[in-house]
Amino acid sequence: MRVLRVSCLLLALLAGTASTVLAEGFALNEWSARGVSLAGGMVGRADDVSALAYNAAGITQLPGTHVMGGLAFIAPLGTIGTEHATGMQYTTTKPSVWLAPHGYASYQLNDNVWLGMGVFSRFGLGNSYSGNWTGRYNLYDVGVQTISFVPTLAYKINDIFSVSVGVEALYASMYMGNKIPTMTAATVPKSFDNDLQLEGTGWGVGAHLGLHMRFNEQWSVGLAYKSQVTVNIYGDVEFGSHEQNLLRAYQKLPEAMDCNAHTTLQLPDSLALGVAYKPLDNLSFEAGTVWTRWSTYNALNIYMDNGYDSISNKEWRDGWNFNASVEYKPLDWWSLRAGLAYETAVVNEKHADFFVPSSGRTILSLGTGVEWNNWTVDFAYSHLWINPVSYDETDAAGIRGNAITGVTGGKSENVVANIYMFSIGYTF
């Protein structure tokens, strides 16, 4: 038990480095290097300690005590084309590398009961543009960061069926920056861009349920459910200038007064299914799907104590992930992996904004792993092709019909992401 306590402390310290990443919607599945190289094909396999994130019922396949930790480096890049009367103007997101850590520990209490602790991110996004780009009145900087702490109990009913239950404590932080067109008595008839920055944090609670069925040495099936999490975020709004904005008289603009603010972030539930087939001791396949109920994400409304309400409709659609993967061990100590996944679009283009410039994506992943005594080291690479979003019909604030920028529409283009990841595990 001392080993498990020390491991949990290390996981908590690791969680402190969590940052944001680009994802469809903004749900994540970058939870281990092996899992990423298999395109998430760990729901049916569920045979290492990262199963605490994918399908925790699978940890009943792990005798003794296991720990794992690692890090993903995510490098997104994309272009937003905004349409003007004079043609298209293109803006590329600022180059950046986001970090996403993960950590796990499992402990076999007896022949039927296992304890586990997982620390990983279920949701996250991050986009940053130049402060003077044409979409600045919608946003120029945004980030949502989450980290989940999931203590878990897994029970082995018999040689076929195992179940798990976990309690999720999710910490979320959010920041956003956008510009406010401002005209004062001293600047009439000209205007300037005031800066609005919002930051806030909050906690939410959810539940994880898992079922693993190992019918024989060849076939296994997994089901994993992660519940909705409602996070009430409280924070502050700060303005770069506090001068009176004459444009407020006929435009819906906030008063330039620093104040408190709050919003409710409704994070969706998901259900994952995986079917794994192992025809040989050194060869396995898995096919699976993940349904995420993004239709619960209706709006992101921010309420400020200065009397201003920022109403942002979303009305997203439910999303599906379809994945397939293969793992082959040419040697007892060496594994090769590959995976392919496709995710359907969730963004409603009638309310599309620059938070998530994505409309579905295709993912190709490759990876390898080595085992040495009690150690395992895994590496993964994943490339994401992200489908474009159209802004020609959106009603999102600050995008279309702005007299200052003259934006009449647009679309995202050439949005991609590269993920480089490693995990290191140890068995006691």
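The rules behind these values
- Residues numbered from 1 in each chain as written.
- Predicted model: local features only at pLDDT ≥ 70, side-chain atom pairs only at ≥ 80, totals over all residues.
- Heavy atoms only, no water.
- Phe/Tyr/Trp six-rings, centres within 6.5 Å; stacked < 30°, edge-to-face > 60°.
- Helix = DSSP H or I, 4+ residues; strand = E, 2+ residues; numbered from the N terminus.
- Core = buried A, V, L, I, M, F, W, Y, C linked by side-chain atoms within 4.5 Å.
- Buried < 20%, exposed > 50% of the residue type's maximum accessible area, 1.4 Å probe, protein only.
- Contact = heavy atoms within 4.5 Å.
- Polar contact = N/O pair within 3.5 Å; in protein donor to acceptor, adjacent residues only side chain to side chain.

Draft legend 1. How the structure looks around the packing of aromatic side chains. One pass over the structure, following the stated rule, counts 23 aromatic pairs. A centroid spacing of 6.2 Å and a plane angle of 80° characterise the contact between Phe123 and Trp294, whose relative ring orientation is edge-to-face. Residue Phe123 is located in the loop between strand S4 (113-120) and strand S5 (124-128), and its partner Trp294 is located in the loop between strand S13 (283-292) and strand S14 (302-304); the two are separated by 171 residues in the primary sequence. One aromatic cluster is present, built from ring pairs that chain together Phe26, Phe123, Trp294, Tyr297 and Trp316.

Draft legend 2. Quick look at the nonpolar core. The biggest cluster of nonpolar side chains holds 47 residues, and the ones touching the most others in it are Phe26 and Leu265. At the level of secondary structure, the elements contributing two or more residues to this core comprise strand S6 (141-156), strand S7 (161-182), strand S8 (192-214), strand S10 (229-239), strand S11 (259-267) and S14. Dropping the residues within four chain positions of it, Phe26 is found in contact with Arg122, Phe123, Gly124, Leu125, Leu265, Leu267, Trp294, Tyr297, Trp316 and Val356. Counting 19 residues, the second-largest nonpolar core is a separate cluster that includes Leu28, Ala46, Val49 and Ala53.

Draft legend 3. Region of interest: the environment of Glu286. Checked against the element boundaries, Glu286 lands in strand S13. The exposure class assigned to Glu286 is buried, which follows from its relative accessible area of 3%. Along the backbone, Glu286 and Leu38 are 248 residues apart, and their C-alpha atoms lie at a distance of 8.6 Å. Sequence-distant contacts of Glu286, defined by excluding residues within four places in its chain, comprise Gly41, Met42, Val43, Gly44, Arg45, Gly274, Val275, Ala276, Asn323, Ala324 and Ser325. A polar contact is formed between the side chain of Glu286 and the backbone nitrogen of Arg45, at a distance of 2.9 Å.

Draft legend 4. Seen up close, the side chain of Ser423. The residue Ser423 is located in strand S20 (residues 409-427) in this model. Only 2.9 Å separates the side chain of Ser423 from the backbone nitrogen of Ala33, close enough to count as a polar contact. Side chain to side chain, Ser423 and His102 meet in a polar contact 2.7 Å long. Not counting chain neighbours up to four residues away, the residues in contact with Ser423 comprise Ser32, Ala33, Met68, Gly69, Gly70, His102, Thr376, Val377 and Asp378.

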